[in-house]
Amino acid sequence: AEMRFEDAIGLFLTILADLGCRFPRYRIVGRLEALVSLRRTVSMVKQTPVEMLESLPVMTNSSKLVSAALMSRLGLCAWFGGKRSFYLLILTITKMVQMTLSFGLFEFSATSFSDLGWMTLIMMGDVDAAQSFAELALKMEENNKLLWTGKAKLSVVIYVHILHHVKTLHSFSKPLLEGYQSGMRTGDKSFAMWALLNNVVVLYMTGKPLKVIEEQCQTSITQTVELKEEEKASCLRTYWQLSLNLMGSSNNTVELSGKAMNEKEIVFTPFSHVTFTLVKTIASSLFGRYELGAHLAIEKGDQQYLKMKGGVMWAQIFWFHRCLCMFAMARTNKAKERKYMAQAKRIHKELTNSLKNKNPNVLHYVSLLNAEKAALNQKKYQEDDVRKLYNDAINMSARGGYVHDAALAQERFAGYLFNSVGDLQEAKYHLEGAIQRYTDWVAMGVVEYLHNKYQDVLAGSSTNGYSKYDEIQICGVGAQS
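The structure contained in this document is the topic of the report that follows. (Residues numbered from 1 in each chain as written. Predicted model: local features only at pLDDT ≥ 70, side-chain atom pairs only at ≥ 80, totals over all residues. Heavy atoms only, no water.)

Right, let's talk about the packing of aromatic side chains for a bit. Per the counting criterion, the structure on display carries 16 aromatic pairs. Both rings, one in Trp194 and one in Phe271, keep their centres 4.7 Å apart while their planes meet at 75 degrees; by these two values the pair is edge-to-face. With Trp194 in helix α10 (residues 189-205) and Phe271 in helix α13 (residues 270-286), the pair connects residues that are 77 residues apart, well separated along the chain. Both residues of the pair, Trp194 and Phe271, count as buried. Centroid distance Phe268 to Phe276: 5.2 Å. Interplanar angle 55 degrees. Geometry classified as tilted. The class of Phe268 is partly exposed, set by a relative accessible area of 35%. Connected via pairs of aromatic rings, a cluster forms that spans Trp79, Phe86, Trp118, Trp194, Phe271, Tyr305 and Trp314. The ring of Phe23 has Lys95 lying over it, and the distance from NZ or CZ to the ring centre is 5.1 Å. The ring of Tyr290 has Arg412 lying over it, and the distance from NZ or CZ to the ring centre is 5.1 Å. (Phe/Tyr/Trp six-rings, centres within 6.5 Å; stacked < 30°, edge-to-face > 60°. Helix = DSSP H or I, 4+ residues; strand = E, 2+ residues; numbered from the N terminus. Buried < 20%, exposed > 50% of the residue type's maximum accessible area, 1.4 Å probe, protein only. Lys NZ or Arg CZ within 6 Å of the ring centre and 35° of its normal.)

What follows concerns the nonpolar core. Tyr204, Trp314 and Tyr438 are the most contacted members of the largest nonpolar core, which totals 162 residues. Residue contacts for Tyr438: discarding those within four places in its chain leaves Leu286, His404, Ala407, Leu408, Glu411, Ala443, Val446, Val447 and Leu450. (Core = buried A, V, L, I, M, F, W, Y, C linked by side-chain atoms within 4.5 Å. Contact = heavy atoms within 4.5 Å.)

Moving on to a positive patch on the surface. Among the surface-exposed residues, Arg27, Arg31, Lys83, Lys300 and Lys307 lie close enough to one another that they form a single positively charged patch. With respect to the helices and strands, Arg27 occurs in helix α2 (residues 27-47). (Patch = residues over 30% accessible without salt bridge, like charges linked within 9 Å, V, L, I, M, F, W, Y side chains within 5 Å. Areas by Shrake-Rupley, 256 points an atom, 1.4 Å probe, with all protein chains shown as cover. Salt bridge = Lys/Arg side-chain N within 4 Å of Asp/Glu carboxyl O. Lys, Arg positive; Asp, Glu negative; His and termini not counted. Charge placed at Lys NZ, Arg CZ, Asp CG, Glu CD.)

Before going further, it helps to examine the side chain of Asp405. Considering the arrangement of structural elements, one finds Asp405 in helix α20 (residues 403-421). One buried charge, Asp405, has no salt-bridge partner; the nearest side chain with opposite charge is Arg437, at 11 Å. Within the structure, the side chain of Asp405 is placed 3.1 Å from the side chain of His364, a separation counted as a polar contact. When sequence neighbours within four positions are dropped, the list of residues in contact with Asp405 reads Met205, Phe320, His364, Tyr365 and Ser397. (Polar contact = N/O pair within 3.5 Å; in protein donor to acceptor, adjacent residues only side chain to side chain.)

In this section: the packing of α10 against helix α11 (residues 210-226). Interaxial distance between α10 and α11 falls to 10 Å at its minimum, and their mutual angle equals 170 degrees. Put simply, α10 runs roughly antiparallel to α11. Each of Met193, Leu196, Val200, Leu203 and Tyr204 in α10 lies in contact with α11, whose residues at this interface are Leu210, Ile213, Gln216, Cys217, Ser220, Gln223 and Thr224. Within the contact of α10 with α11, the residues separate by chemical class into eight nonpolar, four polar and no charged. (Axes fitted to C-alpha atoms, helices over the stretch in contact; angles between N-to-C directions. Parallel < 35°, antiparallel > 145°, perpendicular 65-115°, else oblique. Nonpolar A, V, L, I, M, F, W, Y, C, P; charged D, E, K, R; others polar.)

The end-to-end C-alpha separation of helix α12 (residues 230-247) is 25 Å, in line with the 26 Å expected for 18 residues at 1.5 Å each. Looking one or two places after α12, you find Gly248, whose phi comes out positive at around 80 degrees. (Expected span 1.5 Å × (residues − 1).)

The next point concerns the state of the cysteines. Within this structure, the stated rule accounts for zero disulfides. With no disulfide of its own, Cys21 lies 15 Å from the sulfur of Cys77, the closest cysteine sulfur. Note on Cys21: relative accessible area 13%, which makes it buried. Between Cys325, a free cysteine, and Cys323, which holds the nearest cysteine sulfur, the sulfur-to-sulfur gap is 9.4 Å. (Disulfide = S-S within 2.5 Å.)

For the coordinates displayed, the defined rule picks out 17 salt bridges. A salt bridge links Glu230 to Arg237; its shortest N-O distance comes to 2.7 Å. Using a relative accessible area of 22% as the deciding quantity, one classes Arg237 as partly exposed. In this structure, Arg387 engages Glu426 in a salt bridge whose closest nitrogen and oxygen atoms are separated by 2.3 Å. Of this pair, Arg387 sits in helix α19 (residues 383-399) while Glu426 sits in helix α21 (residues 424-440); the two residues are 39 residues apart in sequence, bridging distant segments of the chain. Because the salt bridges share partners, they merge into one network encompassing Glu383, Arg387, Asp423 and Glu426.

Once that is clear, we can look at unusual backbone geometry. Although it is not a glycine, Lys228 sits at a positive phi angle of roughly 60 degrees. Examined against the element boundaries, Lys228 turns out to sit in the loop between α11 and α12. On the basis of relative accessible area, Lys228 is assigned to the exposed category, the value being 74%. Positive phi values are uncommon outside glycine, yet Lys358 reaches one of about 75 degrees. Here Lys358 lies in the loop between α17 (337-356) and α18 (363-376).

Across its 17 residues, α11 extends 24 Å between first and last C-alpha, which sits within 8% of the 24 Å expected from 1.5 Å per residue. For α11, every residue scored as buried is listed here: Leu210, Ile213, Glu214, Cys217, Ser220, Ile221, Gln223 and Thr224. Where α11 is buried, its residues meet α9 (173-186), α10 and α12. Positive backbone phi, at 60 degrees, marks Lys228, one or two positions downstream of α11.

Right, let's get into the environment of Gly75. The residue Gly75 is located in helix α4 (residues 62-80) in this model. The class of Gly75 is buried, set by a relative accessible area of 7%. Excluding residues within four positions of it along the chain, Gly75 makes contact with Leu89 and Thr92.

Attention now moves to a nonpolar patch on the surface. Taken together, the side chains of Leu11, Ile15, Leu19 and Val66 define a hydrophobic patch exposed on the protein surface, amounting to about 310 Å² of accessible area. In this structure, Leu11 sits in helix α1 (residues 2-18). On the basis of relative accessibility, which here comes to 51%, the residue Leu11 falls in the exposed class.

Here you go:
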């Protein structure tokens, strides 16, 4: 697959050169040129009056139109080609934005401006500029029917890569489904299916009932298979199996094998692998397999998707659960506490910085991680401070509609009260609250896990900080489930 992308890139570069549009073929020169072009283009757009941007004419130069269409294809190949060809993606985007400013609007103008916002995030970390370019792209698309053919891609880039830094995820389903519908109408089935897949992710992240997510996965998989979009179907099967595991409709907990898929038989692409890593981390966190969640390997191909700025919108939920697993391991594995704490603090800092930049979707994540960190630092924090931090995390998650995250916060608080404080009565209260929230979310598999793990607490008795379930997990029994 990699060689096919390289061959396609070489062909596009040759044709574009014949049309007078040249790109550097050597990476060192290309990377330098891409950075200079990105900064110059960002500056050009910022200095262009809004009135001019909103009244651009339609491009009529046939040679330029052909070049733009080829550059759009080149950009896609460069993205899927990975790090080696990333500079070409930046250059195609900046050249298409410059063409729009110089010659007027064409089919890919709006998407090139949204892509410019995306690259601004990845390379410069400028959230404000990225948001400005994304909103400009949306206005372009809204005001000109010529640009409607790119609506599916536009919705994916803007909502999956940019606006989750500044807008709440609860508002994302509508534009993603509109992008899906537009892609189906215009024949852009690939980005239509990306929009459909990411709508499922939004449903999960915003705490919609698992039964709704499971049904949406099944419906979406049927369509992706019919359209021969196997990579998206593979990702959807991963979310479907996660839903089944959490609902207790599978014999497994963290192993993603059952009705939807068999993790041992997957042939991974870069995107399906990073999806698998995310989902496996979530399952490990919710089923108490913290060591597994803390140590899942992040491969080279995963990294571009998991960037906090410019990565996909669900990078933040991955890093949240990863960090939670690190803190949990620091609490239980005193021999390696310092190692786990160091890694957890780095992730916690990244999420906290995102919150400081006004990301509304990480407040409840940071709140719970604040409590987890405080629970481990008893020299600095008093017990009452830790209790307040956990209660804040529960309330913030609940007020935001994140029933699953409120349940998790209450579960972690119960564990702290039982194992660290020895307050059996309040631990039982919060554990029962967590179980009720998980039940509301239809996560009966997690409910069963909690009943097994905390049977002494729920029975109102206590022998020590661990149940027989914990002993089984520590001894490694059931490690594959």
